[in-house]
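If you want the building blocks of each chain, they are given just below.
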Amino acid sequence: QVQLVESGGGLVQAGGSLRLSCAASGRTFSSYAMGWFRQAPGKDREFVAAISRRTGSTSYADSVKGRFAISRDNAKNTMYLQMNSLKTEDRGVYYCAADFRNPYGSSRMGAYDYWGQGTQVTVSS
């Protein structure tokens, strides 16, 4: 079992920044890749970014490349998402997830085994 708890969401103006955190517990943190997904009102949940178990290899959705940065600190059992130059279309609930099967993570929701409860991000114009 893995427990994931997101934090750091909030209200920010367009062009601003936020840093999300995902604290993990229950299994060895470096044994699984991790990802961030988001869901806007009325839309499907979508992939944002993923990071590998140990090497720090990352992947991003095209919509956030160059603006968002995913990272992890295996000593602190925590993953981060630094979000810069936020746009109104970035709003939604952001979820972190753990992937035990793919060492580099995946853009597919079905690849992930555990999910957090989400943290709300609101971007005002």
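Structural notes, computed from the coordinates. (Residues numbered from 1 in each chain as written. Predicted model: local features only at pLDDT ≥ 70, side-chain atom pairs only at ≥ 80, totals over all residues. Heavy atoms only, no water.)

## What to know about unusual backbone geometry
Right, so step 1: A positive phi is found at Asn77, a non-glycine position, where the angle reads about 55 degrees.
Right, so step 2: Within the secondary structure layout, Asn77 lies in the loop between β7 (68-73) and β8 (78-83).
Right, so step 3: One non-glycine residue, Ser85, lies in the positive phi region at around 50 degrees.
Right, so step 4: Checked against the element boundaries, Ser85 lands in the loop between β8 and β9 (92-99). (Helix = DSSP H or I, 4+ residues; strand = E, 2+ residues; numbered from the N terminus.)

## Concerning the sheet that holds β8
Right, so step 1: If you walk across this open sheet you meet the four strands as β1-β3-β8-β7, and the pairing is antiparallel. Both outer strands of the open sheet, β1 (3-7) and β7, are each paired with one neighbouring strand and no more. The sheet shows a mean angle of 15 degrees between the axes of neighbouring strands, taken without regard to direction. (Pairing = 2+ DSSP bridges. Axes fitted to C-alpha atoms, helices over the stretch in contact; angles between N-to-C directions.)

## Thoughts on the state of the cysteines
Right, so step 1: Under the criterion given, the structure shown has one disulfide.
Right, so step 2: There is a disulfide in this structure between Cys22 and Cys96, and the S-S distance comes to 2.1 Å. Taking the sign of the S-S torsion, 60 degrees for the link of Cys22 and Cys96, the bridge is right-handed. Residue Cys22 is located in strand β3 (residues 18-25), and its partner Cys96 is located in strand β9; the two are separated by 74 residues in the primary sequence. By the burial criterion, Cys22 is buried, and Cys96 matches it. (Disulfide = S-S within 2.5 Å. Buried < 20%, exposed > 50% of the residue type's maximum accessible area, 1.4 Å probe, protein only.)

## Things to note about the side chain of Asp99
Right, so step 1: With respect to the helices and strands, Asp99 occurs in strand β9.
Right, so step 2: Despite its burial, Asp99 pairs with no opposite charge; the closest candidate is Arg101, at 4.7 Å N-O.
Right, so step 3: Of the polar contacts made by the side chain of Asp99, one reaches the side chain of Asn102; its length is 2.8 Å.
Right, so step 4: When near neighbours in sequence (up to four residues on either side) are disregarded, Asp99 contacts Tyr32, Ala33, Gly105, Ser106, Ala111, Tyr112 and Asp113. (Lys, Arg positive; Asp, Glu negative; His and termini not counted. Salt bridge = Lys/Arg side-chain N within 4 Å of Asp/Glu carboxyl O. Polar contact = N/O pair within 3.5 Å; in protein donor to acceptor, adjacent residues only side chain to side chain. Contact = heavy atoms within 4.5 Å.)

Remember that the coordinates give geometry; whether it matters functionally is a separate question.
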